[in-house]
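Each chain, letter by letter, is given below.
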Amino acid sequence: MGADVIGRLRESVRDLTERALRAGPVVNPSLNALRRFVQYELFIAPHDVRALSMAVRSARQPDEYEFLAGLVAKGPSWISRIEALARELGVGGSLGDLPPLAVGYTMLLSWLGINGTPGDIAVLVGVNFDTFCANSTRLADWAAAHGVRGAESLRCRGLDEERLEAAERIAERYLDWDRYLFIARAAQTFEALFWESLA
């Protein structure tokens, strides 16, 4: 990887990433935080899949179609796992109970799905997925230790090396540093706010 766009962006928002990783409900999880996570994801996950589906239309190269369609393909499994966990915990989703700051990331993704380039989505995913997955897995560890049967369903990995290389390649193709920096900052700000909103 030549320009290391995603690595440089991750470094530029390290403070926001650390804020998300240190959020109270992640450091000191609780059943209430887990229930809020599931409640919010009942709204967020389907909307994220729709936004990513919209982003596929911006693809121009085979690797862009493959990258974006791959992200969309993982969505239904995540939604099913969240719905199963919601049933186990007796959690429902109500838009009226959703704090706007908890869904800022989804709004950003929707905006990029309509107005963005494949490079924008590659940056968003490349900068953000590891943070979300690290926190989700920490919440899964707590839930498993407290007898939640569906806890394993919260475990996820960030981008594997192949997907990260694809994201980097696509990001370099559409390079717009100021735009990418805004996307990285917005993504990690909203990520921190999401986890903080579980308190």
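Structure first, text after, so check above.
Here goes a summary of the coordinates provided. These numbers come from a predicted model, not from an experiment.

**A short note on the packing of helix 1 (residues 5-12) against helix 9 (residues 177-196)**
For step 1, the next point in the chain: It is the contact of helix 1 with helix 9, at a shortest axis distance of 10 Å, that shows an interaxial angle of 50°. In terms of orientation, helix 1 and helix 9 fall into the oblique class. Considering only the axes of helix 1 and helix 9, their crossing is right-handed. Along the contact surface, helix 1 presents Val-5, Arg-8, Leu-9 and Ser-12, while helix 9 presents Trp-177, Tyr-180, Leu-181 and Ala-184.
For step 2, the next point in the chain: A per-class count over the contact of helix 1 with helix 9 returns six nonpolar, one polar and one charged.

**Looking at the environment of Ser-110**
For step 1, the next point in the chain: As for its position among the elements, Ser-110 is in helix 6 (residues 104-115).
For step 2, the next point in the chain: C-alpha of Ser-110 to C-alpha of Ala-51: the two residues are 59 residues apart in sequence and 4.7 Å apart in space.
For step 3, the next point in the chain: Apart from the residues lying within four places of it in its own chain, the contact partners of Ser-110 are Ala-51 and Met-54.

**Brief notes about the pattern of salt bridges**
For step 1, the next point in the chain: All told, the structure shown has ten salt bridges when counted by the stated rule.
For step 2, the next point in the chain: Between Asp-130 and Arg-10 there is a salt bridge whose closest N-O contact spans 3.1 Å. With Asp-130 in helix 7 (residues 118-145) and Arg-10 in helix 1, this pair connects stretches of sequence that are 120 residues apart.
For step 3, the next point in the chain: Asp-130 gets classed as partly exposed once you look at its relative accessible area, which sits at 31%.
For step 4, the next point in the chain: For Arg-10, a relative accessible area of 28% puts it in the partly exposed group.
For step 5, the next point in the chain: Residue Arg-169 is joined to Asp-63 by a salt bridge in which the shortest nitrogen-to-oxygen separation is 3.1 Å. Highlighted residues: Arg-169 in helix 8 (residues 161-173) and Asp-63 in helix 5 (residues 62-89), separated in sequence by 106 residues.
For step 6, the next point in the chain: Taking the relative accessible area as the measure of exposure, Arg-169 reaches 39% and is therefore partly exposed.
For step 7, the next point in the chain: The exposure class of Asp-63 is buried, given its relative accessible area of 15%.
For step 8, the next point in the chain: Through salt bridges with shared partners, a single ionic network connects Asp-63, Glu-64, Arg-169 and Arg-173.

**Digging into the nonpolar core**
For step 1, the next point in the chain: One finds Leu-34, Phe-37, Val-38, Phe-67, Ile-121, Leu-154 and Trp-195 to be the most contacted residues of the largest nonpolar core, which totals 68 residues.
For step 2, the next point in the chain: Where this core is concerned, the elements lending two or more residues are helix 1, helix 4 (31-56), helix 5, helix 6, helix 7, helix 8 and helix 9.
For step 3, the next point in the chain: Among the elements that take part in this core, helix 7 stands out by supplying twelve residues, more than any other.
For step 4, the next point in the chain: The residues contacting Val-38, other than those within four sequence positions of it, are Ile-82, Leu-85, Ala-86, Leu-89 and Val-91.

**Focus on helix 9**
Counting along an α-helix, one turn takes 3.6 residues, and residues three or four places apart therefore face a common direction.
For step 1, the next point in the chain: Under the 1.5 Å per step criterion, the end-to-end length of helix 9 is 28 Å for 20 residues, consistent within 8% with the ideal 28 Å.
For step 2, the next point in the chain: Taken residue by residue, helix 9 has Tyr-180, Leu-181, Ile-183, Ala-184, Ala-186, Ala-187, Gln-188, Glu-191, Ala-192, Leu-193, Phe-194 and Trp-195 as its buried positions.

So, how was this worked out
Residues numbered from 1 in each chain as written. Predicted model: local features only at pLDDT ≥ 70, side-chain atom pairs only at ≥ 80, totals over all residues. Heavy atoms only, no water. Axes fitted to C-alpha atoms, helices over the stretch in contact; angles between N-to-C directions. Helix = DSSP H or I, 4+ residues; strand = E, 2+ residues; numbered from the N terminus. Parallel < 35°, antiparallel > 145°, perpendicular 65-115°, else oblique. Left-handed = near helix turned anticlockwise from the far one by under 90°. Contact = heavy atoms within 4.5 Å. Nonpolar A, V, L, I, M, F, W, Y, C, P; charged D, E, K, R; others polar. Salt bridge = Lys/Arg side-chain N within 4 Å of Asp/Glu carboxyl O. Buried < 20%, exposed > 50% of the residue type's maximum accessible area, 1.4 Å probe, protein only. Core = buried A, V, L, I, M, F, W, Y, C linked by side-chain atoms within 4.5 Å. Expected span 1.5 Å × (residues − 1).

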